[in-house]
Amino acid sequence: MFKKLLGRFSNDMAIDLGTANTLVLIKGQGISINEPSVVAIQYDKHGQEHILAVGQEAKDMVGKTPGNIKAIRPMKDGVIADFNVTEMMIRYFIEKSHKRKSFFSPRIIICVPYGLTQVERKAVKESALNAGARYVYLIEEPMAAAIGAGLPIKDPNGNLVVDIGGGTTEIGVISLGGLVLSKSIRIAGDKLDASIANYIKQKFNLLVGDRVAEELKIKIGTAVPLEEDLVTVVRGRDSVEGSLTSIEVNSEHLREAMKEPIREIGEALKSVLEETPPDLAGDIVENGIVLTGGGALIRGLDKYLSDLVKLPVYIAEDPLLAVARGTGKALEEIDILQQTSYED
Ligand SMILES: Nc1ncnc2c1ncn2[C@@H]1O[C@H](COP(=O)(O)OP(=O)(O)O)[C@@H](O)[C@H]1O
Ligand SMILES: [Mg+2]
């Protein structure tokens, strides 16, 4: 009763703690934070860590920092690389969006990468409690993605969602409000960026950083041949001569560069389909497959996957926001919450 009363006054929060981006949604108010999951740390002469920046400001420092500053992506590969920095980041985002908005401490539901261990989940939970949360629930990412994509997850009907983020691709088959089958692989946006940088080095002797590679991916990248190639100019350092130079690359180069990681995402999807129980597989044939996460925006990926598995593939509305939206909906519907979150 008292708890119920408290709940009415506090601004409960949903957090999508992604490997590339963190989003915070305040109940009844929508998305309040949407920033890269990056922390810039400065080391003083005693070797102590100090936060210099978090989010976009910190991402802008990546690859441009002097020796005593480090820009860290604490969850980069879907595991917690640095517990301290992860806690700093979670606290920062919670405090930033909660500032003086409410007298009572909020309930927080956090969607974490699916591959996190029990120890890592506990650390995330404790970080949020330390930041002032009254209750912390965790939700599995494929489930949040499916809710956010508007799939009827509570029905006795199989649905398949593929969430392609920065560090991980998570594939889930959902029926009756539960995750029937799932797979998480560490091949997603970051791997595509690395493959692009590598290809450009091999083919053009040009050294480019991950950020330039990411920009190329977004600007002209494609998973299938395009009717008309997209072209752009890239600047970087000649790996042989050491001089600064620029070259022209097109979408066919990008397709070639991203071919292998995209093939692996396709293989993971195929293997999940092969393991899906026949009745649910029948549902998926009818319902199709839904893509969420930033990777859903890769040009032609829907067509590539659809041709590969011979099923319809759809892109969720605003795929970069799907998990945050789903986590926010779970916050409103306590019955979904109880079925999908786990207390440890
Ligand atoms: N238009 C786009 N085309 C291709 N990839 C994109 C696009 N927009 C964002 N991305 C990629 O999506 C990834 C981030 O997706 P997101 O769902 O936020 O990841 P996470 O949930 O792991 O934080 C990054 O690798 C980014 O480069
Ligand atoms: Mg995500």
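Just so we're clear, the structure is a prediction, and the values are computed from it rather than from any experiment.

(A) A look at the nonpolar core. Of all hydrophobic cores here, the largest spans 94 residues; its most connected members are Ile15, Val39, Ile110, Ala146, Val161 and Ile196. Each residue touching Val39, except ones within four places of it in the same chain, is listed here: Ile51, Val54, Ala58, Ile72, Pro74, Val85, Met88 and Met89.

(B) Local environment of the sheet that holds strand E14 (residues 244-250). If you walk across this open sheet you meet the three strands as E12-E13-E14, and the pairing is antiparallel. Every interior strand has two partners, whereas the edge strands, strand E12 (206-207) and E14, have only one. With two bridges joining them, E12 and strand E13 (residues 231-238) adopt antiparallel strand pairing. Across the sheet, residue Leu206 finds its bridge partner in E13, namely Asp238.

(C) Layout of the sheet that holds strand E16 (residues 313-315). Taken together, the five strands give an open sheet; going across it, the order is E11-E10-E9-E15-E16, and neighbouring strands pair in mixed fashion. Where the open sheet ends on each side, the last strands, each with one partner, are strand E11 (178-185) and E16. Within the sheet, the average angular offset between the axes of one strand and its neighbour, ignoring direction, is 20°. Helix H5 (residues 141-148) contacts strand E9 (159-164), strand E10 (169-175), E11 and strand E15 (289-292) of the sheet and is inclined by roughly 70° relative to E10.

(D) Up close: the domain arrangement of the chain. In terms of domains, the chain is made up of domain 1 (2-37 + 76-144 + 323-340), domain 2 (39-72) and domain 3 (151-315). The gap between the C-alpha centroids of domain 2 and domain 3 is 30 Å.

(E) View of the site of ligand 1. As a structural note, the neighbourhood of ligand 1 is formed by 18 residues, with Gly18, Ala20, Gly165, Gly189 and Gly294 the closest of them. For the shell around ligand 1, the secondary-structure elements that each account for two or more residues are helix H6 (189-204) and helix H7 (210-220). No other element matches H7, which puts three residues into the shell around ligand 1. When residues of the shell around ligand 1 are assigned to domains, at least three map to each of domain 1 (2-37 + 76-144 + 323-340) and domain 3 (151-315).

(F) Looking closely at helix H11 (residues 322-332). Along H11, nine of the 11 residues are buried, which leaves the element largely enclosed by surrounding structure. All of the buried residues along H11 are Ala322, Val323, Ala324, Arg325, Gly326, Thr327, Gly328, Ala330 and Leu331.

(G) Up close: the environment of Val234. With respect to the secondary-structure elements, Val234 resides in strand E13. Its 21 C-beta neighbours within 10 Å are what place Val234 among the buried residues. Residues Val234 and Ala213 lie 21 residues apart in sequence; the distance between their C-alpha atoms is 9.3 Å. Residue contacts for Val234: discarding those within four places in its chain leaves Ile200, Leu206, Val208, Val212, Leu216, Ser246, Ile247 and Val249.

Scoring rules and cut-offs
- Residues numbered from 1 in each chain as written.
- Chains lettered and ligands numbered in written order.
- Predicted model: local features only at pLDDT ≥ 70, side-chain atom pairs only at ≥ 80, totals over all residues.
- Core = buried A, V, L, I, M, F, W, Y, C linked by C-beta atoms within 7 Å.
- Buried ≥ 20, exposed ≤ 12 C-beta atoms within 10 Å, placed from the backbone.
- Contact = placed C-beta atoms within 7 Å.
- Pairing = 2+ DSSP bridges.
- Helix = DSSP H or I, 4+ residues; strand = E, 2+ residues; numbered from the N terminus.
- Axes fitted to C-alpha atoms, helices over the stretch in contact; angles between N-to-C directions.
- Domains from an automatic or database assignment.
- Near = placed C-beta within 6 Å.

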